[in-house]
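Structure at a glance
The lines below spell out each chain.
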Amino acid sequence: MATGKFFREVVLPEQKLQNDNVLFPTVLSPASSASVALTAFKDAIKDQKPWLESLLVNCGAILFRGFPVVSPSDFNDVVDAFGFPEFPYVGGRALRKQVVGRVYTANESPLDKEVPFHHEMAYVPKSPTKLFFFCEEEPEEGGETPIVLSHIIYEKMKERHPEFIAQLEDHGLTYIKIASDEDDPSSVTGSSWKTAYKTTDKNIAEERAAKVGTKLEWIGNTAKTITGPVPAIRYDEASGHKTWFNSLAVTYSVQASERKNSWVELGNGGAVDDDAVKDMLRILKEECVAIPWKNGDVLLVNNLTVLHCRRPLIKPPRRILASLCK
Ligand code: FE2
């Protein structure tokens with residue numbers, strides 16, 4: 001495959017050979033051993049956008065390593081160079097802070113906590129199609145952002161739990177979250193309804209929630225947010241695969257924790273099969289790829305075909321920023 005003059009495909013020990021013998025993810029570095037300027041990187045992105053997009057469809061994720069992306073505003077420029085429209089984080093469950101432009105922190109929850117596997121915003125009908133991550137400060141140990149091809153999870157689950165998959169395909173899932181009026185930075189799904197819908201007005205919150213397929217019921221100043229049923233398995237036209245497009249892993253872990261402020265049920269009100277979910281968590285761990293972050297890494301993820309998570313940080317620091325695209 002031609003990579004042009006600017007990019008060179010490199011091989012890392014953590015990559016996995018996936019279907020069609022393609023390494024997952026693709027890793028691109030500068031072709032030249034001489035130092036590369038940020039403007040040259042941005043120009044190459046613009047010049048080779050069709051090729052980069054086809055890589056993203058065929059492979060699912062691209063890690064750009066070794067480019068001079070140092071600050072959040074450098075990262076903002078790189079995201080801009082791709083020219084994908086920004087996806088507004090309305091109705092999002094995580095607490096994220098704007099850093100600059102279209103760049104936000106990935107998740108404000110304590111870094112020693114795991115964020116389980118998910119497609120970004122799989123709990124609302126319309127999700128971002130692409131995600132960018134940027135490593136501003138690489139972890140000393142732990143804190144990786146593992147990724148996994150979603151159709152592999154679907155296929156394994158279908159083989160092992162055909163009845164559960166039939167339930168998911170027939171009914172979809174309904175996600176419920178109790179959102180107070182104050183953010184909870186200790187939770188991976190800690191955004192208040194005020195933060196999620198960017199207003200302090202209950203009526204405006206209801207209107208904005210309705211636009212992302214969510215109903216709000218009030219218990220005093222606390223909102224019970226109900227989204228669904230939404231499909232738990234989706235068909236990705238570009239790759240021709242069915243994907244494991246849901247937030248079962250995140251919701252299940254919150255549901256299992258002491259907090260219990262968020263849960264999931266089948267679209268017909270039935271309970272989700274516990275054993276199948278536990279097996280799913282094992283499969284996700286077995287199939288994922290976790291490449292330790294390096295300063296300046298930019299990871300572009302096809303959110304329609306790839307799930308991501310956050311491993312607990314063992315030794316600080318760690319600063320990973322993110323940007324979502326339509
Ligand atoms: Fe995420």
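Being a predicted model, the structure only gives us computed values, none of them experimental. (Residues numbered from 1 in each chain as written. Predicted model: local features only at pLDDT ≥ 70, side-chain atom pairs only at ≥ 80, totals over all residues. Heavy atoms only, no water.)

When helices and strands are counted, the protein shows nine helices and 21 strands. Here the C-alpha radius of gyration of the protein, 19 Å, is about what a compact globule of 326 residues would show, namely 20 Å. When its C-alpha atoms are laid out on the principal axes, the protein stretches across 60 × 45 × 35 Å. Taken across its 326 residues, the protein has 54% of its residues classed as buried. Carbon and sulfur atoms make up 50% of the accessible area of the protein, which totals about 14300 Å². For the protein, the separation between the mean place of its 39 positive charges and that of its 44 negative charges on side chains is 2 Å. (Helix = DSSP H or I, 4+ residues; strand = E, 2+ residues; numbered from the N terminus. Rg over C-alpha atoms; globule rule 2.2 N^0.38 Å. Buried < 20%, exposed > 50% of the residue type's maximum accessible area, 1.4 Å probe, protein only. Areas by Shrake-Rupley, 256 points an atom, 1.4 Å probe, with all protein chains shown as cover. Lys, Arg positive; Asp, Glu negative; His and termini not counted. Charge placed at Lys NZ, Arg CZ, Asp CG, Glu CD.)

Moving on, we come to the sheet that holds strand E13 (residues 214-219). As summarised here, the arrangement of the four strands in space is E13-E14-E12-E17, forming an open sheet in which the pairing is antiparallel. The open sheet terminates on both sides in strands that have one partner only, identified here as E13 and strand E17 (262-266). Going across the sheet, the axis of each strand differs from the next one's by a mean of 20°, ignoring polarity. Bridge count for strand E12 (residues 173-179) against E17 is five bridges, and the pairing is antiparallel. Looking across to E17, one finds that Tyr175 is bridged to Val264. Across the sheet, helix H8 (residues 248-256) is in contact with E12 and E17; its angle to E17 comes to roughly 125°. (Pairing = 2+ DSSP bridges. Axes fitted to C-alpha atoms, helices over the stretch in contact; angles between N-to-C directions. Contact = heavy atoms within 4.5 Å.)

The next subject is the domain arrangement of the protein. Domains assigned within the protein are domain 1 (7-143 + 290-325) and domain 2 (151-284). Contact residues are listed per partner, giving 30 residues for domain 1 and 41 residues for domain 2. In this assembly, domain 1 packs against domain 2 so that about 2800 Å² is buried in total across both faces, 60% of it on carbon and sulfur atoms. Where domain 1 meets domain 2, there are zero salt bridges. For the side of domain 1 that touches domain 2, the element with the most residues is strand E8 (residues 115-118), which contributes four residues. (Domains from an automatic or database assignment. Buried area = accessible area lost by both parts, 1.4 Å probe. Salt bridge = Lys/Arg side-chain N within 4 Å of Asp/Glu carboxyl O.)

Within the secondary structure, Thr145 sits in the loop between strand E10 (141-142) and strand E11 (147-149). A relative accessible area of 8% means that Thr145 is categorised as buried. Within polar-contact distance, the side chain of Thr145 engages the side chain of Trp293 at 3.0 Å. At 3.3 Å, the side chain of Thr145 forms a polar contact with the side chain of Arg318. Beyond its immediate stretch of four places on either side in the chain, Thr145 contacts Trp293, His308, Cys309 and Arg318. (Polar contact = N/O pair within 3.5 Å; in protein donor to acceptor, adjacent residues only side chain to side chain.)

Every protein donor of the iron ion is listed here as His118 (NE2), Glu120 (OE) and His308 (NE2), and their distances to the metal cover 2.1 to 2.2 Å. Summarised as a motif, the one-chain spacing of the donors to the iron ion is H-x1-E-x187-H. Linking Glu120 in the loop between E8 and strand E9 (130-137) with His308 in strand E19 (residues 306-310), this pair joins segments that are 188 residues apart in sequence. Taken as a pair, Glu120 and His308 share a single burial class, namely buried. (Donors = N, O, S within 2.8 Å, 3.2 Å for Na, K, Ca; no water.)

Once that is clear, we can look at the pattern of salt bridges. This model, assessed by the stated rule, comprises 12 salt bridges. With a shortest N-O distance of 3.7 Å, Glu108 and Lys97 are connected by a salt bridge. You can see Glu108 sitting in the loop between strand E7 (103-105) and E8 and its partner Lys97 sitting in the loop between helix H3 (72-82) and strand E6 (98-100), a full 11 residues away along the chain. Within the structure, one salt-bridge network assembled from shared partners comprises Arg160, Asp279 and Arg282.

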